[in-house]
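# Structure at a glance
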Amino acid sequence: MKILVAVKRVVDANVKVGAKSDGTGIDVANLKFSMNPFDEIAVEEAVRLKEAGVATEVIAVSAGVAQAQETLRTALAIGADRAILIESNAEMQPLAVAKLLKALVDKEQAALVILGKQAIDDDSNQTGQMLAALANLPQATFASKVIVADGKATVTREVDGGSETLSLMLPAVVTVDLRLNEPRYVTLPNIMKAKKKPLETLKPDNLGVNVAPRLKTLKVAEPPKRSAGVKVQEVKTLVEKLRTEAKVL
Ligand code: AMP
């Protein structure tokens, strides 16, 4: 059983980003990039399924610029067997990524596709759902537990105020949430080993997919700056200010 795992190169979660002065987008010049944190969890889960003897091969896939190779090497260091970069300088929107992944699911005959629940740069939370629709596959989103056996995936997912457990026939699409697992620490020997693992590069055209953006960003703006606080001497003044100035009482 093959597992495809989608990994996106995003601005590192610890970096504070800002809007470009002309409001056309986020300024990412000279920033540190890393694997989307939810995708690390997705790779970890796929590798655990391989280690448990459930999966035979884990294939990491990324769509984007040439530097996404580094993200794929990280996936290989966690334990993926091989990687595919679908290289393009175009802005990769969820529908385009979903179409590329659908083409790869068909090509590789993958039984399970694991994605992050969302990419922390665009916060779209769309790609897995779109892939499931395009490929006509069952899906379970926000997984906090995944068990694969007998041609089925049993997925516990986080829902408002509790959890829900679904049984899906394979092939299927699963998107993962934060509590599914804790990704392993990537060791130096595994980073070295990952350098020798196969990394194939394709272009969107090779998969017959047009990745031209379908959405246009009109404006990106930072939240208004918070004004400085004031110290008050007594509770009476605080209550007064909350009532008359902040108008929250
Ligand atoms: P999104 O729908 O953009 O919030 O992304 C959800 C998930 O889709 C991510 O966590 C990744 O697993 C996958 N994904 C999104 N964009 C890409 C990309 N360019 N390359 C590979 N995987 C992606």
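Right above here is the structure, for reference.
Residues numbered from 1 in each chain as written. Predicted model: local features only at pLDDT ≥ 70, side-chain atom pairs only at ≥ 80, totals over all residues. Heavy atoms only, no water.

### Brief notes about the site of the ligand
- The full set close to the ligand counts 18 residues, and Asp-39, Ala-63, Ala-119, Asn-125 and Thr-127 are the nearest of them.
- Asn-36 is positioned with one of its side-chain polar atoms (N or O) 3.0 Å from an oxygen atom of the ligand.
- One of the side-chain N or O atoms of Thr-127 is found 2.7 Å from an oxygen atom in the ligand.
- When the ligand is considered free in solution it has 490 Å² of accessible area, and contact with the protein chains removes 99% of it.
- Every element with two or more residues in the shell around the ligand is listed here: β6 (57-64) and β8 (112-116).
- With three residues, β6 is the largest single contributor of residues to the shell around the ligand. (Near = heavy atom within 4 Å. Polar contact = N/O pair within 3.5 Å; in protein donor to acceptor, adjacent residues only side chain to side chain. Areas by Shrake-Rupley, 256 points an atom, 1.4 Å probe, with all protein chains shown as cover. Helix = DSSP H or I, 4+ residues; strand = E, 2+ residues; numbered from the N terminus.)

### Topic: the nonpolar core
- Counting residues in hydrophobic clusters, the biggest one holds 37 residues, and the most contacted among them are Ile-3, Val-5, Val-43, Leu-112, Ile-114, Val-155 and Val-174.
- Excluding its chain neighbours within four sequence positions, the residues that come into contact with Val-5 are Ala-42, Val-43, Ala-46, Val-58, Ile-59, Ala-60, Val-61 and Ile-114.
- Counting 28 residues, the second-largest nonpolar core is a separate cluster that includes Ile-86, Leu-115, Leu-207 and Val-211. (Core = buried A, V, L, I, M, F, W, Y, C linked by side-chain atoms within 4.5 Å. Buried < 20%, exposed > 50% of the residue type's maximum accessible area, 1.4 Å probe, protein only. Contact = heavy atoms within 4.5 Å.)

### Let's talk about the pairing of strand β12 (residues 172-176)
- Counting buried positions along β12 yields five of five residues, so the element is predominantly enclosed.
- With burial as the criterion, each face of β12 is covered, one bearing Ala-172, Val-174 and Val-176 and the other bearing Val-173 and Thr-175.
- Alignment of β8 against β12, held across five bridges, turns out to be parallel. The residue of β12 that forms the bridge with Ile-114 is Val-174.
- Pairing geometry for strand β9 (residues 139-149) and β12, over three bridges, is parallel. What sits directly across from Ala-140, in β12, is Val-174. (Pairing = 2+ DSSP bridges.)

### Topic: the pairing of β8
- Of all five residues that make up β8, five are buried, and the element is covered over most of its length.
- Of the two faces of β8, the one lined by Leu-112, Ile-114 and Gly-116 and the one lined by Val-113 and Leu-115 are each fully buried.
- Bridging between strand β1 (residues 2-6) and β8 involves three bridges; their strand directions are parallel. In the strand pairing of β8, Leu-4 is matched with Val-113.

### Looking at the pattern of salt bridges
- The tally for this structure, following the rule as stated, stands at 17 salt bridges.
- One salt bridge in this structure joins Glu-57 and Arg-82, with 2.7 Å as the shortest N-O distance. Linking Glu-57 in strand β6 with Arg-82 in strand β7 (residues 82-87), this pair joins segments that are 25 residues apart in sequence.
- Note that Glu-200 is salt-bridged to Lys-107, the shortest N-O span being 3.8 Å. Taken together, the residues Glu-200 in strand β13 (residues 199-202) and Lys-107 in helix α3 (residues 94-108) connect sequence positions 93 residues apart.
- On the basis of relative accessible area, Glu-200 is assigned to the partly exposed category, the value being 32%.
- Since its relative accessible area comes to 46%, Lys-107 is described here as partly exposed.
- When salt bridges with common partners are traced through the structure, they connect Lys-2, Glu-57, Arg-82 and Glu-108 into a single cluster. (Salt bridge = Lys/Arg side-chain N within 4 Å of Asp/Glu carboxyl O.)

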